[in-house]
Amino acid sequence: MKMKISPEQESQESQEPREAVAQHPIQHHPADDMLESFARREMPAGMSVIVSAHIEMCALCRARVREFEAREMREWSGAPELARMAAHIDGEEVDFGGMIERITTLPRQGAEAAAAREASAAGPQDRFIKDLRLPRALRRAATRLRWTRLAEGIHQAVVPIDGETRCEFIHIAAGAATPAHSHYGREHTLVLQGRFHDELGSYGNGDFLLRNASHEHQPASDEGCLSFAVLDQPLRFTRGLSRLLNPINRLRFRAGLGSR
Ligand SMILES: [Zn+2]
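### Concerning the overall build of the chain
On a plain count of helices and strands, the chain comes out with nine helices and 11 strands. A total of 260 residues make up the chain; the buried ones form 33% of that total. Residue pairs in contact within the chain that sit at least 24 positions apart in sequence constitute 70% of those at least 6 positions apart.

### Quick word on the pairing of strand E4 (residues 154-159)
Here E4 lies mainly inside the structure; five of its six residues are buried. In terms of strand pairing, strand E3 (residues 148-151) meets E4 through three bridges, oriented antiparallel. By the bridge assignment, Ala151 is partnered in E4 with Ile154. Linking E3 back to E4 in an antiparallel pair, the connection comprises two residues, with Gly153 at a positive phi of about 80°. Sheet topology note: the E4/strand E5 (residues 166-172) ladder contains six bridges and is antiparallel. Bridge pairing in E5 links His155 to His171.

### Looking at the confidence of the model for the chain
With 61% of its residues at a pLDDT of 70 or more, the chain has an overall mean of 76. Overall, residues 103-111 carries pLDDT values under 50, and its contacts beyond four positions in sequence, including any with other chains, amount to 15 contacts. In this model, residues 118-123 is a region of pLDDT below 50 whose contacts with residues beyond four sequence positions or in other chains number eight contacts.

### Regarding helix H4 (residues 59-75)
Between its first and last C-alpha, H4 extends 24 Å over 17 residues, near the 24 Å set by a 1.5 Å rise per residue. For H4, the complete set of buried residues consists of Cys61, Val65 and Glu69. For H4, the buried positions fall inside an angular range of 75° around the axis, keeping them on one side. The exposed residues of H4 that point more than 90 degrees off its buried face are Leu60, Ala63, Arg71 and Arg74.

### Notes on helix H2 (residues 32-39)
All of the buried residues along H2 are Leu35, Phe38 and Ala39. Down the axis, H2 shows its buried residues gathered within 100° of arc, on one side only. On its buried side, H2 packs onto helix H3 (45-57) and H4. A positive phi of about 60° marks Arg41, the residue just after H2.

### Some thoughts on unusual backbone geometry
Unlike most non-glycine residues, Arg41 shows phi in positive territory, near 60°. You will see that Arg144, though not glycine, has its phi angle at about 50°, which is positive. Positionally, Arg144 belongs in the loop between helix H8 (136-139) and E3. According to the C-beta neighbour criterion, Arg144 is partly exposed, with 14 such atoms within 10 Å.

### Some words on the packing of H2 against H4
Contact geometry of H2 with H4 gives a least axis separation of 9 Å together with a crossing angle of 55°. Between H2 and H4, the crossing angle belongs to the class labelled oblique. Crossing of H2 against H4: the hand is right-handed. Between H2 and H4, the contacting residues are Leu35, Glu36, Phe38 and Ala39 on the first element and Cys61, Arg64, Val65, Phe68, Glu69 and Glu72 on the second. Broken down by class, the residue content of the contact of H2 with H4 amounts to six nonpolar, no polar and four charged.

### Observations concerning the nonpolar core
Of all hydrophobic cores here, the largest spans 43 residues; its most connected members are Val49, Ile50, Ala53, Leu138, Ala141, Leu190 and Phe228. With eight residues, the single largest contributor to this core is H3. Among residues more than four places away in sequence, those in contact with Phe228 are Ile50, Ala53, Leu138, Phe169, Leu190 and Leu192.

### What to know about the environment of Leu192
Tracing the backbone through its elements, the reader meets Leu192 in strand E7 (residues 187-198). C-alpha of Leu192 to C-alpha of Ile129: the two residues are 63 residues apart in sequence and 9.5 Å apart in space.

### Focus on the pairing of strand E8 (residues 201-204)
Looking at chain direction, E7 and E8 are connected through four bridges and run antiparallel. Each residue of the ladder has a partner; that of Phe196, found in E8, is Tyr203. Between E7 and the antiparallel strand that follows it, E8, lie two residues.

### A look at the environment of Arg149
Positionally, Arg149 belongs in strand E3. Classification of Arg149 by C-beta neighbours within 10 Å gives exposed; the count is 10. For the pair Arg149 and Ile170, spaced 21 residues apart in the sequence, the C-alpha separation amounts to 9.9 Å.

Thresholds applied
- The written sequence of each chain sets the order in which its residues are numbered from 1.
- Owing to the predicted nature of the model, reporting of local features is limited to residues with pLDDT of at least 70; listing and counting of side-chain atom pairs is limited to 80 or more, with chain, interface and lining totals taken over all residues.
- Numbered from the N terminus, helices here are DSSP runs of H or I no shorter than four residues, and strands are runs of E no shorter than two.
- Buried means a residue has 20 or more other C-beta atoms within 10 Å of its own C-beta, exposed means 12 or fewer, and partly exposed covers the counts in between; C-beta atoms are placed from the backbone.
- Here the contact rule is simple: place C-beta atoms from the backbone, and any two residues whose C-beta atoms are within 7 Å are in contact.
- Here the rule is simple: two strands pair whenever DSSP picks up at least two bridges between them.
- Per-residue confidence from the predictor is reported as pLDDT, which spans 0 to 100.
- To estimate the expected span of a helix, count its residues, drop one, and scale the result by 1.5 Å.
- Directions from the helix axis toward the C-beta atoms define the arc.
- To obtain each axis, a line is fitted to C-alpha atoms, and for helices this fit is confined to the stretch in contact; angles are then taken between N-to-C directions over 0 to 180 degrees.
- Here roughly perpendicular refers to angles of 65 to 115 degrees, roughly parallel to angles under 35, roughly antiparallel to angles over 145, and oblique to all remaining angles.
- We call a crossing left-handed when the near helix sits turned anticlockwise from the far one by less than a right angle, and right-handed when that turn is clockwise.
- Each residue gets one label: Ala, Val, Leu, Ile, Met, Phe, Trp, Tyr, Cys and Pro are nonpolar, Asp, Glu, Lys and Arg are charged, and the others, such as Gly, are polar.
- Think of a nonpolar core as buried Ala, Val, Leu, Ile, Met, Phe, Trp, Tyr and Cys residues, each tied to the set through C-beta atoms within 7 Å.

Rendered as structure tokens:
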């Protein structure tokens, strides 16, 4: 996996699609227990995809996951297959993208999968992703997105990844705000492009944040923002007429789950 982190490299390749590489020091990272369960392959596929995408963008968490993996390899030392993998991890190149493709079982098969890979390799011709080069872990999920309008300036595209999480791309137009909401469960968000803010902070690309049932928030963006979110329960709207959406939102959450 090639990481491009310097602005110089970025400018040299201005003709290429822009990498979803953080333009600022990443401030918000997955918690250690999350990185550890990623390293141990204990997560639902949707969670693995979002953590993997963050790791592609974040050298700090990449190193942390390597530590957890190396520790686990030591615990299992002796098995030849694991020893080979450990040797690979000690090297420069750890292919997290390939790893995630092996871990996850996406519904696309055969020729369709090959076509999807080709399309994503060429850069998705998508109304909101356009020239952005997504982290590898997200590219397959991002083919042929079907965007639906959630509110003024807010669009979402649900992608089926597993049967336990709801995974979606979310686009907030410049100047737009999502309806205020809380969560029945946890909402993990990875910022891919632009910046958004809520009551608790401001987040740029590469930032990974977790919101749960104790947080009520209303994400808004001044410059526009594309992010990827993984929910283990539906949103719970908390104010005004949008509360009427709660029952239907629970149904939509179930409908958005993959592999059923
Ligand atoms: Zn990180």
